[in-house]
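# Notes for the structure review
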Amino acid sequence: MASKAFLIAVVAAAVAATTLATEYMVGDNDGWNLGVDYTAWAKDKNFYVGDTLMFMYKAGAHDVQKVNVSDFKQCKSTNSSNKPLTSGNDMITLTSPGKKWYICGIGEHCQKGMQLSITVSAQGPAPTPKPWPTAPPPSSSPANAPFKSLILMLALTAAYNIMIMP
């Protein structure tokens, strides 16, 4: 019986974790590329510890460098121990609150606007309880819909197995 309770707790935690943190694709559909206004992109977003930034670009065309405010203003990285991210599919989990600065260090890309400054808050707003829907609402985030559907399917399968297995 204790193992069933543990399994239910694990499934509940997995479902809750997918709803608390947010994954942001930097630049939305334009990704991390020249010609995107990253100040405008970040303007109305609220970033929290635990959220993830996804920098999507053609590998070799750009990079992602985490820098300090001085380097951000000068469009250069003076920290040689901080290696640039170069995969084209770079994920950065926001682990601490405060200001964060990112640039592209390729050529003059930073000077041409490939720089991002955000403020990360320590904790997100408390989730508000929602009434149980009578019909499933349309997905508000089509990019996350398959992942959330998979988590829900796994949770329902686990719950079903717990109910029918002695």
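All values derive from a computational prediction rather than experimental measurement.

Of all hydrophobic cores here, the largest spans 20 residues; its most connected members are Trp32, Phe47, Leu53, Phe55, Tyr102, Leu116 and Ile118. Secondary-structure elements contributing two or more residues to this core are helix H2 (38–43), strand E3 (52–56) and strand E7 (115–121). Core analysis: the next-biggest nonpolar cluster, separate from the first, contains 6 residues, Val67, Phe72, Cys75 and Cys110 among them.

Applying the stated rule across the entire model yields 1 disulfide. The residue that forms a disulfide with Cys75 is Cys110, at a sulfur-sulfur distance of 2.1 Å. Handedness of the Cys75-Cys110 disulfide follows from its S-S torsion of about -70 degrees: it is left-handed. Taken together, the positions of Cys75 in the loop between helix H3 (69–74) and strand E5 (89–93) and Cys110 in the loop between strand E6 (98–103) and E7 put the pair 35 residues apart, joining distant regions of the chain. A single burial state applies to Cys75 and to Cys110, both of which are buried.

With mixed pairing, 3 strands are arranged side by side in an open sheet as E1-E3-E5. Here the strands that pair on one side only, and so sit at the sheet edges, are strand E1 (23–25) and E5. Averaged over all adjacent pairs, the angle separating strand axes in this sheet is 20 degrees, with direction ignored. Where E3 lies against E5, 5 bridges are found, and the strand directions are antiparallel. Bridged to Thr52 within E5 is Thr93.

The rules behind the values
Residues numbered from 1 in each chain as written. Predicted model: local features only at pLDDT ≥ 70, side-chain atom pairs only at ≥ 80, totals over all residues. Heavy atoms only, no water. Core = buried A, V, L, I, M, F, W, Y, C linked by side-chain atoms within 4.5 Å. Buried < 20%, exposed > 50% of the residue type's maximum accessible area, 1.4 Å probe, protein only. Helix = DSSP H or I, 4+ residues; strand = E, 2+ residues; numbered from the N terminus. Disulfide = S-S within 2.5 Å. Pairing = 2+ DSSP bridges. Axes fitted to C-alpha atoms, helices over the stretch in contact; angles between N-to-C directions.

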